Amino acid sequence: MHLPNYSDARRREDKDYKRVDFEFSEEIKNKYKGKTFFLKTYGCQMNEHDSENIEALLMTLGFSKVDDYEEADLVLLNTCSIRENAHNKAFGMLGRLKHLKEQKKDLIIGLCGCMAQEASVVEEIMQKYKFVNFVFGTHNLYQLPEIIDKAVSESKQQIEVFSKEGDLVEGLPVVRANNYKAYVNIIYGCNKFCTYCIVPYTRGRERSRVKEDILKEIDELISSGYKEVTLLGQNVNAYGKDLYEDYTLANLLEDIAKKDIPRVRFMTSHPWDFTDSMVEVIGKYQNIMPSVHLPVQSGSSRILKLMGRRYTKESYLELFNKIKKTVPGVAISTDIIVGFPGETEEDFLETLDLVEKCKYDNAFTFIFSPREGTPACKLKDDVSLEEKENRLQRLNTVVNKYFLENNKKLEGRVVPVLVEGLSEKNDMYFGYTDTNKLINFFVDRKIEVGDIVNVKVTSAKTWSLDGELVE
Ligand code: SAH
Ligand code: SF4
Ligand code: F3S
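Residues numbered from 1 in each chain as written. Chains lettered and ligands numbered in written order. Predicted model: local features only at pLDDT ≥ 70, side-chain atom pairs only at ≥ 80, totals over all residues. Heavy atoms only, no water.

Trainee: Could you give an account of helix H4 (residues 119–128), naming the residues involved and the relevant values?
Mentor: Those residues of H4 that fall on the buried side of the exposure criterion are Val 121, Val 122 and Ile 125. Buried positions in H4, seen along its axis, are confined to an arc of 95° and lie on one side of it. The exposed residues of H4 that point more than 90 degrees off its buried face are Gln 127 and Lys 128. Those residues of H4 that are buried lie in contact with helix H3 (84–103), strand E5 (108–113), strand E6 (134–136) and strand E7 (158–160). (Buried < 20%, exposed > 50% of the residue type's maximum accessible area, 1.4 Å probe, protein only. Helix = DSSP H or I, 4+ residues; strand = E, 2+ residues; numbered from the N terminus. Arc of directions from axis to C-beta. Contact = heavy atoms within 4.5 Å.)

Trainee: Any chance you could break down the site of ligand 1 for me, citing the residues and the numbers?
Mentor: Taken together, 15 residues lie around ligand 1, and Gln 234, Pro 295, Gln 297, Asp 335 and Ser 369 are the ones closest in. Gln 297 is positioned with one of its side-chain polar atoms (N or O) 2.7 Å from an oxygen atom of ligand 1. Here ligand 1 has 550 Å² of accessible area as a free molecule, and 89% of this is covered by the chains. Of all the secondary structure elements, the ones that give two or more residues to the shell around ligand 1 are strand E15 (331–338) and strand E16 (362–367). (Near = heavy atom within 4 Å. Polar contact = N/O pair within 3.5 Å; in protein donor to acceptor, adjacent residues only side chain to side chain. Areas by Shrake-Rupley, 256 points an atom, 1.4 Å probe, with all protein chains shown as cover.)

Trainee: With reference to specific residues and values, describe the packing of helix H2 (residues 45–61) against helix H5 (residues 144–153).
Mentor: At a minimum axis separation of 10 Å, H2 and H5 run at an interaxial angle of 55°. Judged by the angle between their axes, H2 and H5 are oblique. Both H2 and H5 take part in a crossing whose hand is right-handed. Within the contact between the two elements, H2 uses Ile 54, Leu 57, Leu 58 and Leu 61 and H5 uses Leu 144, Pro 145 and Ile 148. Classifying every residue of the contact of H2 with H5 gives 7 nonpolar, no polar and no charged. (Axes fitted to C-alpha atoms, helices over the stretch in contact; angles between N-to-C directions. Parallel < 35°, antiparallel > 145°, perpendicular 65-115°, else oblique. Left-handed = near helix turned anticlockwise from the far one by under 90°. Nonpolar A, V, L, I, M, F, W, Y, C, P; charged D, E, K, R; others polar.)

Trainee: Please give an account of the environment of Leu 294 that cites residues and values.
Mentor: One can find Leu 294 in the loop between strand E14 (291–293) and helix H10 (301–307). Considering only alpha carbons, one finds Leu 294 and Ser 269, 25 residues apart in sequence, at a separation of 6.1 Å. Aside from chain neighbours lying at most four places away, what touches Leu 294 is Ser 269, Pro 271, Phe 274, Tyr 316, Leu 319, Phe 320, Ile 323, Ile 332, Ser 333 and Thr 334.

Trainee: How would you explain the site of ligand 2 if you had to name every residue and give the values?
Mentor: Near ligand 2 you find Cys 190, Lys 192, Phe 193, Cys 194, Tyr 196, Cys 197, Val 199, Pro 200, Gln 234, His 270 and Arg 309, and these make up its full shell. Grouping the amino acids of the shell around ligand 2 by side-chain chemistry returns 7 nonpolar, 2 polar and 2 charged.

Trainee: Any chance you could break down the side chain of Arg 391 for me, citing the residues and the numbers?
Mentor: Here Arg 391 shows up in helix H13 (residues 385–408). A polar contact of 2.9 Å, which involves the side chain of Arg 391, links it to the backbone oxygen of Glu 343. With sequence-adjacent residues up to four places away left out, Arg 391 is seen in contact with Val 338, Glu 343, Thr 344, Glu 345, Phe 348 and Val 383.

Trainee: Just give me the short version of the sheet that holds E6, but keep the residues and values in it.
Mentor: The sheet built from 6 strands is open, its strands ordered E3-E2-E4-E5-E6-E7 with parallel pairing. Of all the strands in the sheet, the pair left with one neighbour each is strand E3 (64–65) and E7. Contacting strand E2 (36–41), strand E4 (74–79) and E5, H3 runs over the sheet at an angle of about 170° to E4. Along the sheet face, H5 touches E4, E5, E6 and E7 and points at about 160° away from the line of E6. (Pairing = 2+ DSSP bridges.)

Trainee: Tell me what's going on with the pairing of E2, and back it up with residues and numbers.
Mentor: Bridge count between E2 and E3: 2 bridges; the pairing is parallel. Of the residues in E3, the one forming a bridge with Thr 36 is Ser 64. Since E2 and E3 lie parallel, the crossover through H2 that links them has a hand, and here it is right-handed. Taken together, the 5 bridges between E2 and E4 define a ladder with parallel strand orientation. What sits directly across from Lys 40, in E4, is Leu 77. (Right-handed = clockwise from strand over helix to strand, strands pointing away.)

So yeah, pure geometry; function would need other evidence.
Here you go:
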């Protein structure tokens, strides 16, 4: 048994970690043939991609997938800790599973992902959720086959959570959710320690994958017909810093862009180490999509300092404008937190002012959620919930106004779209533009999912576009 603790998770030692190849132990391959699993994923793209590995590991064990948790022999929750509501959702699901297990004694229940890295969560599971058969952490994913096998064969609850990252495991099997768009991890973990954020504790220190492994994965995706790759990391700009003297995200992006892949995206990039060479590379290559997620969090330099974000409103705007100027037609999106401890009306007005200046194409807006163990959790929080909700609403009104305004500018224009499928009513196709906007469109000839087609925008809404296929 390994239990999580934050003091280990907080440590950033400059020691080497090994790159090891994953091996699936032969004795348990297909051992669970005939059994079914249900996997529920909460949280970010990183978790979604982990779930693609989890699915493949479960299938190698012999499990097959079902879409209804009540029918499954094994239910696994891949959880997220970022805000309280993500926590509550997972615990709500555990409550429902408790009832199910009362009727179905053999049901196997597991929990993994970021919540598994939290000592208080694991303690609660050990005390109040004894029906949970196993818990494993984000650094233990590759041990899943053995952990499940042990949970089934022994009637004891299995808890395997390393607080510190171990080796960097390559070659995990994967079942991708989409046949044309793929996530590719380039860096794990985060060293930024923004004061409100739990991710550096749940995902460990920044560890880059060796560039040859990444480029090989992309070559394989290209030969399997993939059209788009999204390079993933909590902070992709830090790519390579732990491995190389002079090979950065800009170099990696360039090496990938030179390959025969129509669309390259990356996320998330922190404004702090977004270099000029990155901006130039994004502007230079047609297949690096003109779409940048640049989380600002707040428009008040005073709050940004308290958040530990390492930039000011002014330096953010400078970077923002440089990207707009260098990358033709770029769409920039962001994340914003309102109600950080001590945020005054004046601070909030700075955020609104920044939004008025940046006119984002998309924005994810949140109310600050205190996360146990983070520095911001200890700050005095004297803004009432009512006030926070009011600020969120005022912010959303402004950001929505600009989503629509930006989309309206596309009316009458022809945009490239990667076709994803037919809409629910079966009368239109849908897909995403180069700037990552959802578009529904009519066609007058046969097209295939996975094609990249030209679509004329006929009308704009706040969260999507409508269009028609052109030659
Ligand atoms: N690595 C990314 C962010 C990942 S988390 C980055 O630094 O840009 C996604 C978003 O969740 C963050 O950008 C932030 O806006 C929000 N978030 C993180 N912690 C939060 C908290 N404690 N309360 C509210 N929102 C939070
Ligand atoms: Fe969290 Fe900041 Fe790291 Fe993003 S950069 S994951 S917000 S600590
Ligand atoms: Fe959530 Fe963990 Fe991602 S906390 S946002 S699932 S890194």
